Structure formats: structure tokens, C-alpha cells
Amino acid sequence: MLSKLENQIQILNSKSSVWSVMEEMTQSENQEEAFYVCDIGNIIKKYLNWKKLMPRVETYYAVKCNDHPFVLETLATLGTGFDCASKEEISKILDLNVQPTRIIFANPAKPESHIKYAETVNILRMTFDNQLELEKIKRSHPNAELILRIKYDDEMAHYKFGGKFGCDHLTEAPELLTKAQQLGIKVIGVSFHIGSGSQNPKVYGEAIKAARHVFDLASNIGFKFNILDIGGGFPGAHGTSIEEISKNVNENINLHFSDPSIKIVAEPGRYYVDSAFTVATRIHSIATTKPDSTGIFTYMYYVNTGAYSTFMNVFFNEQYKPQALNKNKRDKKYPTIIWGPTCDSLDKICEKNKMPKMNIGDWIAFENMGAYTLTISSNFNGFPIPKVHGVVCEKLWKKYKHLMMGSEIKFDNCKEHLRCQLSEKLLYSNKFSSVN
Ligand code: PLP
């Protein structure tokens, strides 16, 4: 892993930054296509922050959020686990030499062929929320260790999952557990996902309490549960504060799951990658609207990646904030609409922003573009999905390399959990935590 990454990323000295790299790249005559810059240091810092805020909660990164090799290799090296939704995602993670024990197949409704594949590659843990899924798993992977997904939505979350997944913890969970026992299937714990882009930290606490109820129920039926999976929904660059969430999570874990033998895991996606990616787009066409009643007209800029690719979340009311590259911040600003490159009239990125007057060939950047961008992009109308340029600051990289070399020594001889302990030791050494 170490060598693969090292050849591909740009090491930044103290005078350069993501912004300066983008300005440099966009001034090169060779650069025409839109591109992302991924700051690997930002992912490492997120990992460290999580360990500090919720030391008892192990993270299983949700691969669906961004499966770029920079992200997966960095997190695999740091020692996180992975939440995979499909055969493809599982195979991608196994290719990084991650042990099957560090994968949860966290899709409650799985095609049977994917379950069979999980069996052949020794993935045991998977989620379920209904009886037919139980029967399917019994047929194709009878030794699987199941995690019961309960429904617990933050009603204010940007993307809620309760309409699609999860059983009712009071009425349906008892029936499903009884059925699992009749079928002789091992159920080992409970999971929930309060919604991506959650807004109310208290819902984590309420859902943890609901999960406790299911643990007790399971114990009465004869199961011995050992894992609680608190899902995703943690903020990326915006939204509620991770500090506030961590307080609520820690308090409720201490209250309801004080037994340290119960493993507590989470499946953050957005949290790890949102702020690590910035995208640079190039203007290839310009038009203006007719002037309004006050004589003001709006500039319309057409850039080379849009709503069917990098900015797909505009269809789900995501707001984007454009920033002009290589322009003087004091330049006069004008009303602006930014369009994507396709012939579709819905391909609009944003329209309520003021920007300096731009020319064809100028570049516009957007920060916080790591979550659910690359993985849901299409090349509709033939426009390519932007490539990713990786960077990391030199100071952090030296420590990261040190960590990885340490990991590799252990990796050769020991079980995966030793590798993680080693990572933590290195991460919390004074040297590492002095990086800011
Ligand atoms: N876990 C599961 C099962 C999911 O479906 C998702 C997102 O769809 C996630 C985790 C990641 O959620 P987030 O990016 O909000 O952390």
C-alpha cells in the first residue's frame, strides 16, 4: 500500500497548499479537463479526531461514499474497517489486503449471488431486516453472523433511510429473532442508520437506547449479542458538530452498553471524505441573461463537469459555493449562474452567487466535494468524470510513512488487531499529534 500511494501523490512543502496546487495546475496549458484535488492529510486528521472524540467506537468506512484508491488505501493503512454494500465493494477492499474480519456487508437487502460470494471470501458479518433475507442467508451462507438493522430516523436528516430499511425494534425485532433462532442462524448484534446528513445529535442517543432494548430481548430468547453498529450520518464539512454528536454517543454508550466486551462500531462515510476533496472546473462557454427591470443582467458560465457528474447532489437540494481561481479577491462581483456541460437544461450547478467577471479558460473551484460525488458520477453526454490529484503536506506524510512502515512489519507476522494497536500507539505518540 505504501509504495502504491507514494508514487502518485504530490508532497506539499510549507509554502504550498491545496489552493496553490490548483492555481498552478490551472495555469498550465495542458490542463483542460476538470479535476479534483484530494488532501490525504485531511483524511488522516479526521481519523485522529474520531479516535480522540469516540475512542470506544471503531470505524468501518462506508465505501459507497467515495471509493477512490487514495481514500481506501489511506484508511486501510490507518487500520479502519469497511462497510461494503456489494460484491464489487468487498472485492475492492480485499484487494487491499484487508482481512475479511474487518468488513461488514452492511446492506440489509442483498442479491443472493453477493451473499454466496461473501461466503467464499470468508466475510461473516452482514445486516438483515426481514424474514425473507434471513431465509436467503440461511440457504447461501449458513455460518454468517447477522446484525439486525432497526429503523430509527432523524426526521431532520437530509437523506432518511427508514422508508427503505430497518425493522421496528418493538414489534418486528422479536419475531425476526425468534425466526432466526428457529432457523439456527447466528445473530450477533444490532445496527441502525439515523440518516445521512443528520441534524439532531440526540437521535443517536435515542437509537442506542432502542438498540439496548433489542439486546435485552435477544438475551431472553437465548442469543448473546456482542456488537452494536451505530451506522453513519456523521457530518462532513457542514451540519451538526461531531463534538456534540460524540458527547451524546459516549454518554449513551456508557449508560446502555457499559459492558466493554460489547464492540461498538460506526459506518461513517461523509465524515471522512467530504472536506478532503476540492474540484476545479474550467469555463468553456459564456452567455448573459437579458437585463432585469433594474437593468442588471446575469453572467452564465458553462463548465466542464456538472449535475450529471460531480454535482449530482444538486438534485437533492445540495447548495454549492463557487470560488474563482487566479482572481483578485477585491474584483467587482456580478450575479452568476453556473451550468454544467451537457445539453440538458436541468444541468445547473448554482445560481445565487456573485462572482468576479470571468473569461473563457478561467477556472472555478468548489470545496467539500468528497462525499457521494465520484461514486455517483456518470459521463452523460460524453463528458469524463474528473480525475483525482492527491496531495499531502510533507510534515504529515513523514509521520504517515513512519506509521505505515511500522504497520507493515507487524502485518507480516501478526493478526490484524495487533496492527491496529500498533497504529494507535504511533498515532498518539507526541510526534504524530503535534501535526496541525
Ligand atoms: N452505512 C450504510 C448502511 C449506508 O447506507 C450509508 C449511506 O448510505 C452509510 C453507512 C454512510 O452514511 P454517511 O455518509 O451519512 O456517514
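Residues numbered from 1 in each chain as written. Predicted model: local features only at pLDDT ≥ 70, side-chain atom pairs only at ≥ 80, totals over all residues. Heavy atoms only, no water.

In the annotation of an unreviewed UniProt entry, the entry for the protein chain reads ornithine decarboxylase, and the organism field reads Brassicogethes aeneus. According to its UniProt record, the protein chain has this under Subunit (unreviewed entry): "Homodimer. Only the dimer is catalytically active, as the active sites are constructed of residues from both monomers." You can read under Cofactor (unreviewed entry) in the UniProt record for the protein chain the words "pyridoxal 5'-phosphate". (UniProt positions renumbered as here; feature names shortened; annotations may be inferred.)

Take the site of the ligand next. If you check the shell around the ligand, you find 15 residues, and the closest are Asp83, Ser196, Glu267, Gly269 and Tyr372. Within the contact set of the ligand, an oxygen atom lies 2.9 Å away from a backbone nitrogen or oxygen of Gly269. Arg270 is positioned with one of its backbone polar atoms (N or O) 2.9 Å from an oxygen atom of the ligand. Its free accessible area being 400 Å², the ligand has 92% of it covered by the protein chains. Classifying every residue of the shell around the ligand by side-chain character gives 5 nonpolar, 5 polar and 5 charged. (Near = heavy atom within 4 Å. Polar contact = N/O pair within 3.5 Å; in protein donor to acceptor, adjacent residues only side chain to side chain. Areas by Shrake-Rupley, 256 points an atom, 1.4 Å probe, with all protein chains shown as cover. Nonpolar A, V, L, I, M, F, W, Y, C, P; charged D, E, K, R; others polar.)

What follows deals with the nonpolar core. Membership of the largest hydrophobic core comes to 107 residues, with the highest contact counts inside it found for Phe82, Ile90, Leu228, Ile230, Phe234 and Phe366. Those residues in contact with Phe366 that sit more than four places away from it in its chain are Thr278, Val279, Thr281, Phe311, Tyr320, Lys321, Pro322, Ile338, Ile349 and Cys350. Counting 12 residues, the second largest nonpolar core, distinct from the first, contains Val21, Phe35, Ala280 and Leu325. (Core = buried A, V, L, I, M, F, W, Y, C linked by side-chain atoms within 4.5 Å. Buried < 20%, exposed > 50% of the residue type's maximum accessible area, 1.4 Å probe, protein only. Contact = heavy atoms within 4.5 Å.)

Those residues carrying the UniProt feature "active site" (unreviewed entry) are Cys343 in this numbering. Inspection of the secondary structure assignment puts Cys343 in the loop between β14 (333–339) and β15 (348–356). (Helix = DSSP H or I, 4+ residues; strand = E, 2+ residues; numbered from the N terminus.)

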